Amino acid sequence: VLLIELVKVNDNGHHIRPNPISDQGRIYFNNRFNEEHSIEIYGLNGKLVFRQTTELNYFSINALDLHEGFFTFAIYPSRTKNQITSGKFVIESQN
């Protein structure tokens, strides 16, 4: 069985599924040409807490890599570093 999931990227350039994240989540963005993109995730204090690159149209977020709380992020092409979208998400406990 083949599963096809259609995800509509919002007008703000990304879609987070689910939000809040308690286990695994994905941040989808437009990447039509499969170029390498980076995400930088920041805590509320503005400190960089996580960085990842991908050539896909999403970033996988594992709640175990981050502590519980609110985070902001920026996504940009690795080649130019011109931000294409940014947003915020929540990591919640798995209780």
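Treat the numbers as computed from the prediction; the structure is a model and nothing was measured.

(A) A look at the pairing of strand β2 (residues 24–29). As paired elements, strand β1 (residues 14–17) and β2 share 4 bridges and run antiparallel to each other. Across the sheet, residue H15 finds its bridge partner in β2, namely Y28. Connecting β1 to the next strand, β2, in antiparallel fashion are 6 residues. The pairing of β2 with strand β5 (residues 58–62) spans 5 bridges and is antiparallel.

(B) Layout of the nonpolar core. Within the largest apolar cluster, 16 residues are counted, with the highest numbers of intra-cluster contacts made by I27, I41, I61, L66, F73, F89 and I91. Sort the elements by how many residues they give to this core and strand β6 (residues 69–77) lands first, with 3 residues. Sequence-distant contacts of I91, defined by excluding residues within four places in its chain, comprise I21, I61, A63, L66, H67, E68, G69 and F71.

(C) Local environment of the packing of aromatic side chains. The tally for this structure, following the rule as stated, stands at 4 aromatic pairs. Between F71 and F89, the aromatic rings sit 5.6 Å apart at their centres with planes inclined by 20°, giving stacked as the arrangement. Of this pair, F71 sits in strand β6 while F89 sits in strand β7 (residues 85–91), and the two are 18 residues apart along the sequence. Each of the two residues, F71 as well as F89, counts as buried. A ring pair is formed by F73 and F89, whose centres lie 6.2 Å apart and whose planes are at 40°; its orientation type is tilted.

The rules behind the values
Residues numbered from 1 in each chain as written. Predicted model: local features only at pLDDT ≥ 70, side-chain atom pairs only at ≥ 80, totals over all residues. Heavy atoms only, no water. Pairing = 2+ DSSP bridges. Helix = DSSP H or I, 4+ residues; strand = E, 2+ residues; numbered from the N terminus. Core = buried A, V, L, I, M, F, W, Y, C linked by side-chain atoms within 4.5 Å. Buried < 20%, exposed > 50% of the residue type's maximum accessible area, 1.4 Å probe, protein only. Contact = heavy atoms within 4.5 Å. Phe/Tyr/Trp six-rings, centres within 6.5 Å; stacked < 30°, edge-to-face > 60°.

Distances and angles like these do not, on their own, reveal function.
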